[in-house]
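If you want the building blocks of each chain, they are given just below.
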Amino acid sequence: MLMFHKRNYAIILLVVLLQNQGIASGEFKLKDDLGIFEENIAPNSDHVKPKNSSDLPISDAAISDYSKAIEINPKSFNAYFTRGFAFTMRGELDKAVPDFTFCIKNNYMLAKSYFWRAGAYVVLGSYDLAISDYSEAIKIEPDNADIYCGRGDAYKYKENFDKAIIDYSTGIELVPSNIVQAGICYSGRGEAYIVKGDYDRAFADFTKSIELAHEFPENNYIAYFYRAQIYGMKGSYDLAVSDYSKAIEIEPKSFQAYYKRGVAYGSKGDYDKAIADFTYLINNRYKLAESYRLRGNNYGALGSYDLAISDYSKAIETEPQSFQAYYTRGSLYALTRNYDNAIADFIFCIKNNYKLAASYSFRGNTYIALGSFDLAILDLTKSLEKDPDNADAYWWRGLANHKKGLSDKAIADFNRAREIDSDYATQYYSKYDGSVDRKRTEDLDREISEIELKKLELEQESRIYDIQQEQRYKQQLLENQQESLRLQKETLELQKKPEIFKPRMDDTIRTDCSTDSLGGVHCTSRSGL
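For clarity, every value in this text was computed on a predicted model and none was experimentally measured.

## Notes on the overall build of the protein
Each helix and strand in the protein was counted, giving 25 helices and two strands. Split into buried and exposed, the 529 residues of the protein put 50% on the buried side. Nonlocal contacts in the protein, meaning residues at least 24 apart in sequence, comprise 54% of its contacts between residues at least 6 apart. Of the roughly 25800 Å² of accessible surface on the protein, a fraction of 49% belongs to carbon and sulfur atoms.

Written out as structure tokens, the structure is:
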């Protein structure tokens, strides 16, 4: 369920009106009361209390004066109402409610007293009481858009989204072009539409809210934030980043906006900026395990595997049950040939029933790399029990069976993998034509030996001159090239065995292989007559 940003509609309205009358922004710092909150804040928490009461225009002396006025004249309804208003502005809502209640019992400024008490109830999480108060206020002032929008908020927080949309729509109809009231109503209705999955209407409402309230962008945090989410869902990551950035300009300490923007940066391949956002969150200890894990993902995308593994490990230290961190760290351990650690991470995932099919498959692949083909076959079989259409698992089990010399089983697995995904299963094979390119095999052996010598030279040079970084890169490049050549050699060897792959008579398979800048091999297959 969407975690809404709690707000007191009455306070938002008042703040904007005061700003419109020329009150200096420095005299009116009500960030908490403006409803700019982080997610997962409990309704009964103290999040509505100002960080520093000296930031507000309501002083202790003012409260004291109102109280003295009440002592002198217990029937001074205006003093009760004004003191309730002052308590509200200070975030002391539990003190504001009794003052407005006194006014209501004495029929003083009845609609406004209901309205302000309802706003306090909303922030305190007493949504039914808030709805009741707003409804009483509507009976008195049925054409007041503010009351409808306030009740819309209460319905929304109560998760009665259909009624919320009706109230927001009524408020908009009453003041269709008002930059304050209509803008806030559009924003609230957009949130309700998001929860109902009506993203197009939500997008339109957030955009309208931004257009109407362009003179007061500080009240459009919600609109920018949620419109950015819709952009992200549609794959428009540049626009998502732009809106999240505007939300951050409005509320510089909105960790949730940094978090979402970091995800958007990573999705659009801007890994360095994603890392910067997650680093900011880590420094502020926001969603620490997730921030470490997501920063690790971006390090991994950049090829900085050691940094990625380090971040996954920190995520696990912070949250020992971070199964996704174990899973991704295990994958990177396998990629960097740290097979024992990879197996340990996949064991943890399997014991905790996390992504069982994929975890068994990855551990099976790792066992193949270690030459433990029996264990690999067991794991890959378990993976297929969980996901019978996993072409990868069939392919790798076929390879394990082939390594064990179980040709019939290997053929069955390769063919099943090909039935699921023809490109995947045949990517390393060519049609058997009765001959083997012996010269090419010899050339590959020679090139592999030459690369081995170069590797030894680099290792020696590294020990002598300690030029670690560049030489590790060169060594990795050579290892990748060597692995590619070995793979090509294995392909040629497999061509000697006609039983390994038996294409249909009308199906010719041609495989084209190429080597990338790091020496990795990439092969594609095409079928035709």
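## Quick word on the state of the cysteines
Applying the stated criterion across every chain, the model contains one disulfide. Across a sulfur-sulfur distance of 1.3 Å, Cys-149 and Cys-185 are joined as a disulfide pair. Given an S-S torsion of about 60°, the disulfide between Cys-149 and Cys-185 has right-handed geometry. Of this pair, Cys-149 sits in helix H7 (residues 145–157) while Cys-185 is found in helix H9 (residues 181–195), placing the two residues 36 residues apart along the sequence.

## Focus on the side chain of Arg-117
Mapped onto the secondary structure, Arg-117 falls in helix H5 (residues 110–124). Judged by relative accessible area, which is 12%, Arg-117 ranks as buried. Filtering out sequence-adjacent residues up to four positions away, Arg-117 remains in contact with Val-97, Phe-100, Thr-101, Ile-104 and Asp-133.

## Some remarks on the packing of helix H17 (residues 323–335) against helix H18 (residues 339–351)
Angle between the axes and distance between the axes: these two values describe a pair of packed helices. Interhelical geometry of H17 versus H18 gives an angle of 155° and a closest axis separation of 8 Å. Here H18 runs roughly antiparallel to H17, going by the angle between their axes. The way H17 lies across H18 gives a crossing that is left-handed. Contacts from Phe-323, Tyr-326, Tyr-327, Arg-329, Gly-330, Ser-331, Tyr-333 and Ala-334 in H17 reach Tyr-339, Asn-341, Ala-342, Asp-345, Phe-346, Phe-348 and Cys-349 in H18. Considering only residue class, the contact of H17 with H18 consists of ten nonpolar, three polar and two charged.

## Digging into the nonpolar core
Within the largest apolar cluster, 42 residues are counted, with the highest numbers of intra-cluster contacts made by Val-122, Ala-130, Tyr-134, Ile-147 and Ala-154. Ranked by residue count, the leading element in this core is H5, at eight residues. Excluding residues within four positions of it along the chain, Ala-154 makes contact with Val-122, Tyr-127, Ala-130, Ile-131 and Tyr-134. Ranked by size, the runner-up nonpolar core spans 34 residues in total, among them Ile-222, Phe-225, Ala-257 and Leu-281.

## Considerations on H9
An α-helical segment advances 3.6 residues per turn. Residues three or four places apart therefore align on the same side. Taking 1.5 Å of rise per residue, 15 residues should cover 21 Å, and H9 covers 22 Å from first to last C-alpha, within 8% of that figure. Of all 15 residues in H9, 14 are buried, a share of seventy percent or more. Trailing H9 by a residue or two, Gly-197 shows a phi angle of about 80°, which is positive.

## Things to note about the packing of aromatic side chains
Evaluation of the coordinates by the stated rule reveals 28 aromatic pairs. Relative to Trp-116, the ring of Phe-115 lies with its centre 6.3 Å away and its plane at 90°, an arrangement referred to as edge-to-face. Across this residue pair, the class does not change: Phe-115 and Trp-116 are buried. Taking the ring centre of Phe-203 as reference, the NZ or CZ of Lys-234 above it sits at 5.0 Å. Of note, Lys-355 hangs over the ring of Tyr-327, and the distance from its end group to the ring centre comes to 4.8 Å.

## Quick notes on the pattern of salt bridges
Counted under the stated rule, the structure contains 27 salt bridges. Here Asp-198 and Arg-201 are joined by a salt bridge, their closest N and O atoms 2.7 Å apart. The salt bridge partner of Arg-416 is Glu-419, with a shortest N-O separation of 3.1 Å. Within this pair, Arg-416 and its partner Glu-419 are both found in helix H22 (residues 407–420), separated by three residues, close to a single helical turn. Here the residues in one salt-bridge network are Asp-60, Arg-90, Glu-92 and Lys-95, joined through shared partners.

## Considerations on the confidence of the model for the protein
Of all residues in the protein, 68% have pLDDT values of 70 or greater, and the mean over the chain is 78. Note on residues 425–440: pLDDT under 50 across the span, and 39 contacts to partners over four residues away in sequence or across chains. Across residues 497–529, where pLDDT falls below 50, the model places 75 contacts with residues more than four positions away in sequence or in other chains.

## Things to note about unusual backbone geometry
In this model, Asn-107 sits at a positive phi of 55°, which is unusual for a non-glycine residue. Given a relative accessible area of 59%, Asn-107 falls into the exposed group. One non-glycine residue, Met-109, lies in positive phi territory at about 45°. Along the polypeptide, Met-109 turns up in the loop between helix H4 (93–105) and H5.

## A look at the packing of helix H12 (residues 237–250) against helix H13 (residues 255–267)
Running from N to C, H12 and H13 point in directions that differ by 160°, and their axes come no closer than 9 Å. Accordingly, the angle class assigned to the pair H12 and H13 is roughly antiparallel. Our pair here, H12 against H13, has a crossing hand that is left-handed. Taken together, the residues of H13 that come into contact with H12 (itself represented by Tyr-237, Ala-240, Val-241, Tyr-244, Ser-245, Ala-247 and Ile-248) are Ala-257, Tyr-258, Lys-260, Arg-261, Ala-264, Tyr-265 and Ser-267. Its residues placed into classes, the contact of H12 with H13 shows ten nonpolar, two polar and two charged.

How each quantity is defined
Residues numbered from 1 in each chain as written. Predicted model: local features only at pLDDT ≥ 70, side-chain atom pairs only at ≥ 80, totals over all residues. Heavy atoms only, no water. Helix = DSSP H or I, 4+ residues; strand = E, 2+ residues; numbered from the N terminus. Buried < 20%, exposed > 50% of the residue type's maximum accessible area, 1.4 Å probe, protein only. Contact = heavy atoms within 4.5 Å. Areas by Shrake-Rupley, 256 points an atom, 1.4 Å probe, with all protein chains shown as cover. Disulfide = S-S within 2.5 Å. Axes fitted to C-alpha atoms, helices over the stretch in contact; angles between N-to-C directions. Parallel < 35°, antiparallel > 145°, perpendicular 65-115°, else oblique. Left-handed = near helix turned anticlockwise from the far one by under 90°. Nonpolar A, V, L, I, M, F, W, Y, C, P; charged D, E, K, R; others polar. Core = buried A, V, L, I, M, F, W, Y, C linked by side-chain atoms within 4.5 Å. Expected span 1.5 Å × (residues − 1). Phe/Tyr/Trp six-rings, centres within 6.5 Å; stacked < 30°, edge-to-face > 60°. Lys NZ or Arg CZ within 6 Å of the ring centre and 35° of its normal. Salt bridge = Lys/Arg side-chain N within 4 Å of Asp/Glu carboxyl O. pLDDT = per-residue confidence, 0-100.

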